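Chain residues, written in single-letter form:
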Amino acid sequence: MAKLLKSLYIAQATSSAVAFLPKFSILTPLRMTSSSRIAAILESPSAERNKGPIYDMALGPKVFPTLMENNDDNKIRVLELAAGCGVHSTYFVSRALAEGMNIEWHPSDPDPEARLSIDARVEKDSLVDSVRTANGWILGKAGGTACNDGHRDKGDAGANNNGIGGVEADYSQYHNYFDLVTNINMIHISPWEATIGLMECAGKTLRKGGILLCYGPYKKGGTAVESNLAFDRSLRSRDSRWGVRNLEDVIDAAKKEGLTLDSYIEMPSNNLTVLFRKETSTN
């Protein structure tokens, strides 16, 4: 059954090496049986640990209220890039709905098992009216997925991704569409090209004044607390393309796509929630 589900959800990858965004429309919901839903669900201990602090310290008190201040139709549209196994998707949406928000959530991950897990969690929690079917957007040439921080210790999630890319015409309808783009625990466990792709995607799909939220460990000025430096060494030993990034480099990459640093929030376990705003003068 799992193989059948994958064949129905996984789209053929484009041959374009530089494209990073696909269409939403090719994916349609598929109702799962109870047993197949349970089998599809993956776990992420780190996501379980940080979901509460991210909402309580960033999304709830700062991000959502800021977005609602200048929202004409009282709906918040969110794109979750490198969504992993769906822990954040369902938790954040459930919290937002409980607080009376009208939310439209678009989870995305290039890993096919991750997408099955996301959709299974959404159906299990009866959130299909607010959460779209997970899509396989690839960030940059290599792609990035938070699954490397969760259910796979080998760090191979997304290595042979089955996401889809497309030329600009494929996603032009989503230019300036989203109020918020989130990216949690991806930047340090993916090639730098994925971060470049993240910024390109957010720069195009965020509305003017929209927010990009990035969460994870960072260096400042090339250094960090010893635990993050040790983590950096561990990551690079697993894959030389990975590593805890310099915050200044991430800020520079964002700026090239019309995203300016708004603020950052000190989080538990020496992580940061970094918030960028799309410049109002950006085309």
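Here's what I pulled together on the structure shown here. This is a predicted model, so every value here is computed, not measured.

1. Quick word on the sheet that holds strand β7 (residues 259-267)
- Read across the open sheet, the six strands follow the order β2-β1-β3-β4-β8-β7; overall the sheet is mixed. Every interior strand has two partners, whereas the edge strands, β2 (103-107) and β7, have only one. Taken pair by pair, the neighbouring strands of this sheet meet at an average axis angle of 20 degrees, ignoring direction.
- Across the sheet, helix α4 (residues 87-98) lies against β1 (76-81), β2 and β3 (178-184), angled at about 175 degrees from β2, the strand it touches most.
- Strand contacts of helix α9 (residues 247-255): β7 and β8 (271-278), with the helix running at about 20 degrees to β8, the strand carrying the most contacts.

2. Details of the pairing of β7
- In the sheet, β7 pairs with β8 via eight bridges, with the strands oriented antiparallel. Bridged to E266 within β8 is L272.
- The hairpin turn running from β7 into β8, its antiparallel successor, is three residues long, and S269 in that turn takes a positive phi close to 60 degrees.

3. Details of the pattern of salt bridges
- Evaluation of the coordinates by the stated rule reveals 15 salt bridges.
- E104 is paired through a salt bridge with K75; the nearest N and O atoms lie 3.6 Å apart. With a gap of 29 residues between them, E104 in strand β2 and K75 in the loop between α3 (45-69) and β1 connect regions that are remote in the sequence.
- For R233, the salt bridge is made with E226, and the minimal N-O distance between the two is 2.9 Å.
- One network of salt bridges, with partners in common, ties together D73, K75, R77, E104 and R132.

Reading the values: the criteria
- Residues numbered from 1 in each chain as written.
- Predicted model: local features only at pLDDT ≥ 70, side-chain atom pairs only at ≥ 80, totals over all residues.
- Heavy atoms only, no water.
- Pairing = 2+ DSSP bridges.
- Helix = DSSP H or I, 4+ residues; strand = E, 2+ residues; numbered from the N terminus.
- Axes fitted to C-alpha atoms, helices over the stretch in contact; angles between N-to-C directions.
- Contact = heavy atoms within 4.5 Å.
- Salt bridge = Lys/Arg side-chain N within 4 Å of Asp/Glu carboxyl O.

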